[in-house]
Amino acid sequence: MDMSRRTVIAGAAAAGLTAATLGSAHATGNGAAAPVRSLFGVLPDGTRVHSWSLANGGTRMKVLSYGGVVQSLEVPDRRGRLANVSLGFRSLDDYVASSPYFGALIGRYGNRIGKGRFTLDGRTYQVDVNDGENSLHGGAQGFDKRVWDVEPFTKGADVGLHLHLTSRDGEMGYPGTLRVKVTYTLTRYGDWRIDYAATTDKPTVVNLTSHVYWNLAGEGSGSIEGHRLKIDGSRYTPVDAGLIPTGEQARVAGTPFDFRRAKTVGEDLRTAHQQLLYGQGFDHNWVLDKGISPRPEWAATLQDPSSGRTLRIATTEPGLQFYSGNFLDGTLVGTGGRVYRQGDGLCLETQHFPDSPNRPSFPSTVLRPGQTYRSTTVHSFTR
């Protein structure tokens, strides 16, 4: 696979794998129903925020128009008992005041850009700095803090939401007016598929992702250190003390970053490895062996032995950020009324690499007028 090219397809949409092709083992007894909208809250400027409830194939989810947030995602365990496996809040006020990106859509640029600067076509751009001296997840007013236009749909046996957003030229310092469409689909098999698309009127950089914090035993149930994780990546991108990639693509063999065979998250979490000290745990990008792919291919598997729930992730993206919930500090109260402490959830963010605009050796994140950014990630749940 040519790792220098961008996941951009002009004209026709990239064909993604269906849940059936991906091999989901869900029963389909619980059929699709049209999404149901309800008022979730009102922002200080008077903007109304709605919650959309979806159910299909045994999976139930609630999505907010604020940030495209997945507030809850319920899947059954080996005995058929539902639990919410996504960390989140009960109220809009909490999302506005203190959310560490729980369940949110991330843009324009997922992950970090060093010092918030990059050069494109000979011009240097300064974007919003909100993580020390660096830019994180699009800046202080990224897509996670915008209210999206939401359009529900049903298509055959599938059900979902189209989320639309326009980011103006210069917003958070990024060039070009970016028009974004993200589609959440709950399939007949109970799988959750995300299709991202975007166009621009000026050359820009784009890296969209989803920031769900997973705990397959159920949110608020405690640590994810006993979860078993497999990542299909033989290399990762080491970082400096500011969590900006050095540009190296290092082999995982012989390091705590080797998840090529499933192991518990906690097995090497406390190893005195400099990279783990920088991140206070895992907060790194894996270089997926498959590279960029025109259709979603398997990238990672997460399993909770206690409940039997398994999450498999397939994506078109070349990278995966594994974050072990290092900065959850016991100050946030979740949807179930319990406090979230360090390691009570983890993120598996499909993406292009952090700081790619400053790293010519990384897959490009440049989007130009006349091109369409497309990316797909599928979350398949089994038990």
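Higher on the page you've got the structure.
Residues numbered from 1 in each chain as written. Predicted model: local features only at pLDDT ≥ 70, side-chain atom pairs only at ≥ 80, totals over all residues. Heavy atoms only, no water.

Let's talk about the overall build of the protein chain
A tally of regular secondary structure across the protein chain gives three helices and 30 strands. Here the C-alpha atoms of the protein chain give a radius of gyration of 19 Å, agreeing with the 21 Å that 2.2 N^0.38 yields for 383 residues. Buried residues in the protein chain amount to 57% of all 383 residues. Contacts in the protein chain between residues far apart in sequence, at least 24 positions, make up 68% of those at least 6 positions apart. (Helix = DSSP H or I, 4+ residues; strand = E, 2+ residues; numbered from the N terminus. Rg over C-alpha atoms; globule rule 2.2 N^0.38 Å. Buried < 20%, exposed > 50% of the residue type's maximum accessible area, 1.4 Å probe, protein only. Contact = heavy atoms within 4.5 Å.)

A word on the nonpolar core
Leu 73, Tyr 184, Trp 192, Trp 214, Trp 286 and Phe 322 are the most contacted members of the largest nonpolar core, which has 55 residues in total. Considering each element in turn, this core owes the most residues, five residues, to strand β13 (residues 178-186). Non-local contacts of Phe 322, meaning those with residues more than four positions away in its chain, are made with Leu 229, Ile 231, Phe 259, Val 265, Phe 282, Asp 283, His 284, Trp 286, Leu 346, Cys 347 and Leu 348. Listed in part, the 21 residues of the second largest apolar core include Phe 40, Leu 43, Phe 89 and Tyr 95. (Core = buried A, V, L, I, M, F, W, Y, C linked by side-chain atoms within 4.5 Å.)

Description of the pattern of salt bridges
Under the definition given, this model contains 17 salt bridges. We note a salt bridge from Asp 77 to Arg 81, for which the minimum N-O separation is 3.0 Å. By relative accessible area, Asp 77 is classed as buried at 6%. For Arg 81, a relative accessible area of 47% translates into the label partly exposed. We note a salt bridge from Arg 146 to Glu 171, for which the minimum N-O separation is 2.6 Å. Within this pair, whereas Arg 146 is found in the loop between β10 (135-136) and β11 (149-155), its partner Glu 171 is found in the loop between β12 (158-167) and β13, the two being separated by 25 residues in sequence. Note on Glu 171: relative accessible area 14%, which makes it buried. (Salt bridge = Lys/Arg side-chain N within 4 Å of Asp/Glu carboxyl O.)

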